[in-house]
Amino acid sequence: MKNISVIGAGTMGNGIAHVFAQFGFDVTLVDISAEALDRAIQRIEKNMDRQVSKGILSEEDKAQAIGRIAKSQSIAEGVSNADLVVEAATENLDLKLKIFKDIDLNAPDHAILASNTSSISITKIASVTTRPEQVIGMHFMNPVPVMKLVEVIRGYATTDAVTETIFKLSKDLKKVPVEVNDYPGFVANRILMPMINEAIYSLYEGVAGVEEIDTVMKLGMAHPMGPLQLADFIGLDVCKSILEVLHDGFGNPKYAPCPLLVNMVTAGKLGAKSGEGFYKYTPGSKELVVAPKFSKQISVNS
C-alpha cells in the first residue's frame, strides 16, 4: 500500500494527509476548493515546522514529506491511482454517500475505501458502493499528528483481511488501532458526546458557570481540557450532528442535544472555528476568555 488519497482538506483531512506523508506514503489531497487545498498545505507546513522545532522531524524529513503531497480538485482524478482512500468530509450523511459513490466509481478495484466519520454507520456508507467488503471506518482523533488512537470500525460486510490491513497500516503510522463494531457513535463519541451534552445542560440549568464546569472536570477527573472547551475545539455544530446521530440511531431521549447547544449552533456560535462558543477566541491569542454571553451569569435558562 503506497498511494493514499484523502478526500477533504479541512482540519481532519490535512492532519491525515500530514501523517501519511510523514511516514513515507504518497498522498493526493482532494478538495473542490483550491483555496482550501492551499490553506491545508500551509497548515501542514506549519505543523511540520512545530515538529522540527521539537526534534520529531528534520528539515530534510519535512521537505520530503511535503514533496509527497499532491493536490487535486477532482475525485475522479484524485483517487484514480489509490490503494487506500480516506474520506474526511463534513459529518453529513448525504454528502458522504455522494462522495462514496464517486470514489467507488473511480478508484481501482483493489482500493480500500475508508471513512473518518466519527458517528455515521459504515454499513450505510458501504451500501452505496459495489465493494462493501472493502469499506471500513478509520476514525482518527484531532489533532491527527499528535493523537495516537485510531478507531477501526467494521461495517457489516467488512472482511477480516481489510480490517487486518488497516490495523497494520495504522501501526505503520505509529498509531494505536482499536477495533469497534458499527453502532451509532462507535465507542469514542458514544461515551464522549453524552458527557459534553451533560456539561452543556449543567450550564443551561444554572448548576455552574463555564469556567467552573471545566475546572471540575480538569482538576477532579484529570481531563486535559474541560468538556465545554473541548466542545468548542470539536465544533458545536459537529457535537450537535453526532448527538443527533445517536438520538436517531438509538431512539433514546438521553442523546437529544441540549436546547442551549441547538440555539448556539443556530446563532452561528460554533466554537473556536467561528471565534466564539462557550469561550471567545482571538486570533494570535492563547488566552481563554469566557464568551460574553456566559461571563456575567451562571444560569442561561432564566
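Residues numbered from 1 in each chain as written. Predicted model: local features only at pLDDT ≥ 70, side-chain atom pairs only at ≥ 80, totals over all residues. Heavy atoms only, no water.

1. A look at helix α3 (residues 59–67)
Lys62, Ala65 and Ile66 are the residues of α3 that are buried. Down the axis of α3, the sector holding all buried residues measures 95 degrees, keeping them to one side. Away from the buried face of α3 by more than 90 degrees, exposed residues Glu60, Ala63 and Gly67 are located. Of the surrounding secondary structure, the elements contacted by the buried residues of α3 are α1 (11–22), α2 (34–53) and β3 (69–72). (Buried < 20%, exposed > 50% of the residue type's maximum accessible area, 1.4 Å probe, protein only. Helix = DSSP H or I, 4+ residues; strand = E, 2+ residues; numbered from the N terminus. Arc of directions from axis to C-beta. Contact = heavy atoms within 4.5 Å.)

2. Overview of the layout of surface pockets
Quantified by volume, the second largest pocket comes out at close to 170 Å³. Around the second largest pocket, the lining is made up of 11 residues, and of these Leu260, Asn263, Met264, Lys293 and Phe294 lie nearest the centre. At the level of secondary structure, the elements contributing two or more residues to the lining of the second largest pocket comprise α12 (259–266) and α13 (292–295). Sorting elements by how many residues they give to the lining of the second largest pocket places α12 first, with 3 residues. For the lining of the second largest pocket, the class distribution of residues is 6 nonpolar, 2 polar and 3 charged. (1 Å grid on protein atoms, 1.4 Å probe; cavity = no way out; pocket = protein on both sides within 12 Å on 5 of 7 lines; lining within 4 Å. Points joined across faces, edges and corners; volume = space filled by probe spheres on them. Nonpolar A, V, L, I, M, F, W, Y, C, P; charged D, E, K, R; others polar.)

3. Quick word on the UniProt feature "site: Important for catalytic activity" (unreviewed entry) in the protein chain
Here, UniProt's "site: Important for catalytic activity" (unreviewed entry) annotation points to His139. Here His139 shows up in strand β6 (residues 135–140). Apart from residues no more than four positions distant in its own chain, His139 is found in contact with Ser115, Asn116, Thr117, Ser118, Leu149, Val150, Glu151, Ile153 and Asn189. At 2.8 Å, the side chain of His139 forms a polar contact with the side chain of Glu151. (UniProt positions renumbered as here; feature names shortened; annotations may be inferred. Polar contact = N/O pair within 3.5 Å; in protein donor to acceptor, adjacent residues only side chain to side chain.)

4. Section: the sheet that holds strand β4 (residues 84–87)
With respect to topology, 8 strands assemble into an open sheet ordered β3-β2-β1-β4-β5-β6-β7-β8, the strand pairing being mixed. Every interior strand has two partners, whereas the edge strands, β3 and β8 (176–181), have only one. Adjacent strand axes in the sheet meet at a mean angle of 25 degrees, parallel and antiparallel pairs treated alike. As paired elements, strand β1 (residues 3–7) and strand β2 (residues 26–30) share 5 bridges and run parallel to each other. Bridge pairing in β2 links Ser5 to Thr28. The strands touched by α2 are β2 and β3; relative to β3, the strand with the most contacts, the crossing angle is about 165 degrees. (Pairing = 2+ DSSP bridges. Axes fitted to C-alpha atoms, helices over the stretch in contact; angles between N-to-C directions.)

5. A look at the state of the cysteines
In protein structure, a disulfide is the covalent linkage between the sulfur atoms of two cysteines. Going through the model one piece at a time under the given rule, you end up with 0 disulfides. Free cysteine: Cys258, not disulfide-bonded; nearest cysteine sulfur from Cys239 at 12 Å. (Disulfide = S-S within 2.5 Å.)

6. Here's the deal with the packing of aromatic side chains
Going through the model one piece at a time under the given rule, you end up with 5 aromatic pairs. Relative to Tyr204, the ring of Tyr201 has its centre 6.0 Å away and its plane inclined at 75 degrees; by these criteria the two rings are edge-to-face. Here Tyr201 pairs with Tyr204, and both are found in helix α8 (residues 188–204), just 3 residues apart, close to one helical turn. For Tyr201, a relative accessible area of 23% corresponds to the partly exposed category. Through a chain of ring-to-ring contacts, the aromatic side chains of Phe20, Phe25 and Phe140 assemble into a single cluster. (Phe/Tyr/Trp six-rings, centres within 6.5 Å; stacked < 30°, edge-to-face > 60°.)

7. Let's talk about the domain arrangement of the protein chain
Examined at the domain level, the protein chain breaks down into domain 1 (3–181) and domain 2 (190–291). Measuring from the centre of the C-alpha atoms in domain 1 to the corresponding centre in domain 2 gives 26 Å. Contact with domain 1, which involves 6 residues of that partner, is made by 4 residues of domain 2. Note on domain 1 versus domain 2: buried area summed over both sides is about 400 Å², and carbon and sulfur give 69% of it. Contact with domain 2 buries surface across domain 1, with Glu91, Ser119 and Asn142 losing the most and accounting together for 72% of the total. Inspection of the domain 1/domain 2 interface yields 0 salt bridges. For the interface between domain 1 and domain 2, the tally reads 0 residue pairs in polar contact (both at pLDDT 80 or more). Partitioned by chemical class, the residues of the side of domain 1 that touches domain 2 number 2 nonpolar, 3 polar and 1 charged. (Domains from an automatic or database assignment. Buried area = accessible area lost by both parts, 1.4 Å probe. Salt bridge = Lys/Arg side-chain N within 4 Å of Asp/Glu carboxyl O.)

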